[in-house]
Amino acid sequence: MADQYDFEELYANTYTEADRRAYESQPTSRKRFAIAWLLTLLLGPAGAHRWYLDRRVSAVLMAVVSVAAVVLMVLGQTSLGLLCVTVAFAWPLLDMIMLLAGSMRDTQDRRLAGHRERAGMFSAITVVLLALLLMAALVIGTSSGVAG
């Protein structure tokens, strides 16, 4: 069945001049993409980027999950604590992907200023940082497995 479709023709020129004009005519937020990216990277589990984008309800939820993770781990509720830690770090990771893709906007649904110019560079930086973090985790995990 797949041989019935000309996928090259199907996906050719999907981003037209009309699409470009429609994108550029969208209102732009006063909120900066670079600041939102940096807040997501450094203070993501606390929801700082969502505070910056005026998404207060989800920012409070992110902060509550992060605080709950710490409190539960201190109280010895390891299973629930690890669940909260997972949510506290997975949520900002998903937000980072949405931010880099341009689908995270401010509360008035306006695109962030500077996204078009900087998204490619910041995507590359994010991938490099995630790769370094993964390598560090592998080294630490391997070292602790060998040591004990």
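From a predicted model like this one, the values you see are computed outputs, not experimental measurements.

Peer 1: Please give an account of the overall build of the chain that cites residues and values.
Peer 2: Scanning the chain from terminus to terminus reveals seven helices and two strands. Taken from the N to the C terminus, the helices and strands of the chain come in the order α-α-β-α-α-α-α-β-α. Burial status across the chain gives 26% buried among its 148 residues. For the chain, the share of sequence-separated contacts (at least 6 apart) that also reach a separation of at least 24 residues comes to 58%. Here the chain has roughly 10,000 Å² of accessible surface; of this, 68% comes from carbon and sulfur atoms.

Peer 1: How would you explain a nonpolar patch on the surface if you had to name every residue and give the values?
Peer 2: On the surface, Leu38, Leu41, Leu42, Leu43, Met121, Ile125, Val128, Leu129, Leu132 and Met135 cluster together into a nonpolar patch covering about 880 Å² of accessible area. Only helix 3 (33-43) and helix 7 (115-147) provide two or more residues apiece to the nonpolar patch. Tallying contributions element by element places helix 7 first for the nonpolar patch, with six residues. Note that Leu42 resides in helix 3. The exposure class assigned to Leu42 is exposed, which follows from its relative accessible area of 59%.

Peer 1: Account for the nonpolar core, naming residues and giving values.
Peer 2: Counting 12 residues, the largest nonpolar core consists of Phe33, Ala36, Trp37, Tyr52, Leu53, Met96, Leu99, Leu100, Met104, Leu112, Ala119 and Phe122. Those elements that place two or more of their residues in this core are helix 3, helix 6 (78-101) and helix 7. Ala69, Leu72, Cys84 and Ala88 belong to the second largest nonpolar core, which has five residues in total.

Peer 1: An account of the UniProt feature "transmembrane region" (unreviewed entry) in the chain is requested, with residue identities and associated values reported.
Peer 2: As annotated in UniProt, the feature "transmembrane region" (unreviewed entry) corresponds to residues 33-52, 57-74, 80-101 and 122-141 in the numbering used here. Helix makes up 80% of residues 33-52 and strand 0%, with an end-to-end C-alpha separation of 10 Å. Secondary structure across residues 122-141 divides into 100% helix and 0% strand, with the first and last C-alpha atoms of the span separated by 28 Å.

Peer 1: Explain helix 3 to me, using residue names and the numbers behind them.
Peer 2: Among all positions of helix 3, only Phe33, Ala36, Trp37 and Thr40 are buried. What you see down the axis of helix 3 is that its buried residues fit within an arc of 100°, all on one side.

Peer 1: Any chance you could break down the packing of aromatic side chains for me, citing the residues and the numbers?
Peer 2: Under the defined criterion, the tally for this structure stands at two aromatic pairs. Taking the centre distance of 5.6 Å and the plane angle of 20° together, the rings of Phe33 and Phe122 count as stacked. Pair noted here: Phe33 is in helix 3 and Phe122 is in helix 7, with a separation of 89 residues, a long-range link. Judged by its relative accessible area of 10%, Phe122 falls in the buried class. Note on Trp37 and Phe122: the rings are 4.5 Å apart at their centroids and 25° apart in plane angle, and the pair reads as stacked. Residue Trp37 is located in helix 3, and its partner Phe122 is located in helix 7; the two are separated by 85 residues in the primary sequence. The exposure classification of Trp37 matches that of Phe122, with both residues buried.

Peer 1: Break down the pattern of salt bridges for me, with residues and values.
Peer 2: Under the definition given, this model contains five salt bridges. In this structure, the salt-bridge partner of Arg56 is Asp54, at a minimum N-O distance of 3.3 Å. You can call Arg56 partly exposed: its relative accessible area is 45%. Residue Asp54 is classed as partly exposed on the basis of its relative accessible area of 28%. Residues joined by salt bridges that share partners form a network here, namely Lys31, Asp54 and Arg56.

Rules of the game
- Residues numbered from 1 in each chain as written.
- Predicted model: local features only at pLDDT ≥ 70, side-chain atom pairs only at ≥ 80, totals over all residues.
- Heavy atoms only, no water.
- Helix = DSSP H or I, 4+ residues; strand = E, 2+ residues; numbered from the N terminus.
- Buried < 20%, exposed > 50% of the residue type's maximum accessible area, 1.4 Å probe, protein only.
- Contact = heavy atoms within 4.5 Å.
- Areas by Shrake-Rupley, 256 points an atom, 1.4 Å probe, with all protein chains shown as cover.
- Patch = residues over 30% accessible without salt bridge, like charges linked within 9 Å, V, L, I, M, F, W, Y side chains within 5 Å.
- Salt bridge = Lys/Arg side-chain N within 4 Å of Asp/Glu carboxyl O.
- Core = buried A, V, L, I, M, F, W, Y, C linked by side-chain atoms within 4.5 Å.
- UniProt positions renumbered as here; feature names shortened; annotations may be inferred.
- Arc of directions from axis to C-beta.
- Phe/Tyr/Trp six-rings, centres within 6.5 Å; stacked < 30°, edge-to-face > 60°.

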